[in-house]
Amino acid sequence: MKFEFSGINVEELSFKLNKVRLAPNDKLDIKPQFSRQLRKINGNDKLNCIVLTMKIESTEAEPKPFDINVTLVGVFNVTEVKNQDEERRFVIEATKTLYPYLRAAVSNLTANAHIPPLYLPVIAGPIFPDDRDVFAFTTSSNSDGNLN
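Rules and cut-offs
- Residues numbered from 1 in each chain as written.
- Predicted model: local features only at pLDDT ≥ 70, side-chain atom pairs only at ≥ 80, totals over all residues.
- Heavy atoms only, no water.
- Core = buried A, V, L, I, M, F, W, Y, C linked by side-chain atoms within 4.5 Å.
- Buried < 20%, exposed > 50% of the residue type's maximum accessible area, 1.4 Å probe, protein only.
- Helix = DSSP H or I, 4+ residues; strand = E, 2+ residues; numbered from the N terminus.
- Contact = heavy atoms within 4.5 Å.
- Phe/Tyr/Trp six-rings, centres within 6.5 Å; stacked < 30°, edge-to-face > 60°.
- Polar contact = N/O pair within 3.5 Å; in protein donor to acceptor, adjacent residues only side chain to side chain.
- Salt bridge = Lys/Arg side-chain N within 4 Å of Asp/Glu carboxyl O.

1. Considerations on the nonpolar core
- By size, the foremost hydrophobic cluster in this structure holds 26 residues, and its most contacted members are Ile50, Ile68, Val70, Phe90 and Leu102.
- At the level of secondary structure, the elements contributing two or more residues to this core comprise strand E3 (44–56), strand E4 (66–79) and helix H1 (84–112).
- Looking at this core, the element that brings in the most residues is H1, giving 9 residues.
- Beyond its immediate sequence surroundings of up to four residues, Leu102 is in contact with Phe34, Leu52, Met54, Val70, Leu72 and Leu120.
- By size, the runner-up hydrophobic cluster in this structure holds 6 residues, among which are Ile41, Cys49, Val51 and Val75.

Shown next, in the form of structure tokens:
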């Protein structure tokens, strides 16, 4: 299996300040939610997109001072994928390639919102715990062959 990183696009960047007040000694438990999806483009079996999303959403049960949604799409040219195991390895490696861009987008978005920047942790191994032993992504195709 071979793949080449062709570029990255922003699908969504959103930030919303919520009216949540914390007591001075309260600790904030952010709990970001991560998701990922593999998109294959109809008509070009070598062009694959990995969609990586990070969300933080306030709920009544777990209020947060802000909502944030960052979705990045990495575009990759992939060749010589012989089976699902190789496709899985591509998805894991492509996710590792995109994660630093996601970290930068989150910290820049929060800093530009004039709050202390949120720094996601540096992760050296697989980003998703499921990457260690299961096929952990979904596959979808666009009928018109476009990325959006």
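Structure's up, so let's keep going.
2. Description of the packing of aromatic side chains
- Scanning the model with the defined rule gives 7 aromatic pairs in all.
- Note on Phe3 and Phe76: the rings are 5.7 Å apart at their centroids and 70° apart in plane angle, and the pair reads as edge-to-face. Taken as a pair, Phe3 in strand E1 (residues 2–17) and Phe76 in strand E4 lie far apart in primary sequence, 73 residues in all.
- Assessed through its relative accessible area of 30%, Phe3 is described here as partly exposed.
- Ring geometry for Phe34 versus Tyr99: centroids 6.4 Å apart, planes at 55°, classification tilted. Of this pair, Phe34 sits in strand E2 (residues 33–41) while Tyr99 sits in helix H1, placing them 65 residues apart in sequence.
- Look at Phe34 and you get partly exposed, because its relative accessible area is 31%.
- Counting every residue linked through ring pairs, the aromatic cluster contains Phe3, Phe5, Phe76, Phe90 and Tyr101.

3. Some words on the side chain of Asn48
- Within the element layout of this structure, Asn48 appears in strand E3.
- Among the polar contacts listed, one links the side chain of Asn48 to the backbone oxygen of Lys46, at a separation of 3.4 Å.
- When near neighbours in sequence (up to four residues on either side) are disregarded, Asn48 contacts Leu38, Arg39, Lys40, Gly74, Val75, Phe76, Val78 and Phe90.

4. Considerations on the pattern of salt bridges
- Per the stated rule, a full pass over the model turns up 7 salt bridges.
- For Lys2, the salt bridge identified is with Glu80, shortest N-O distance 3.7 Å. Taken together, the residues span a long stretch of sequence, with Lys2 in strand E1 and Glu80 in the loop between E4 and H1 at a distance of 78 residues.
- The exposure class assigned to Glu80 is partly exposed, which follows from its relative accessible area of 44%.

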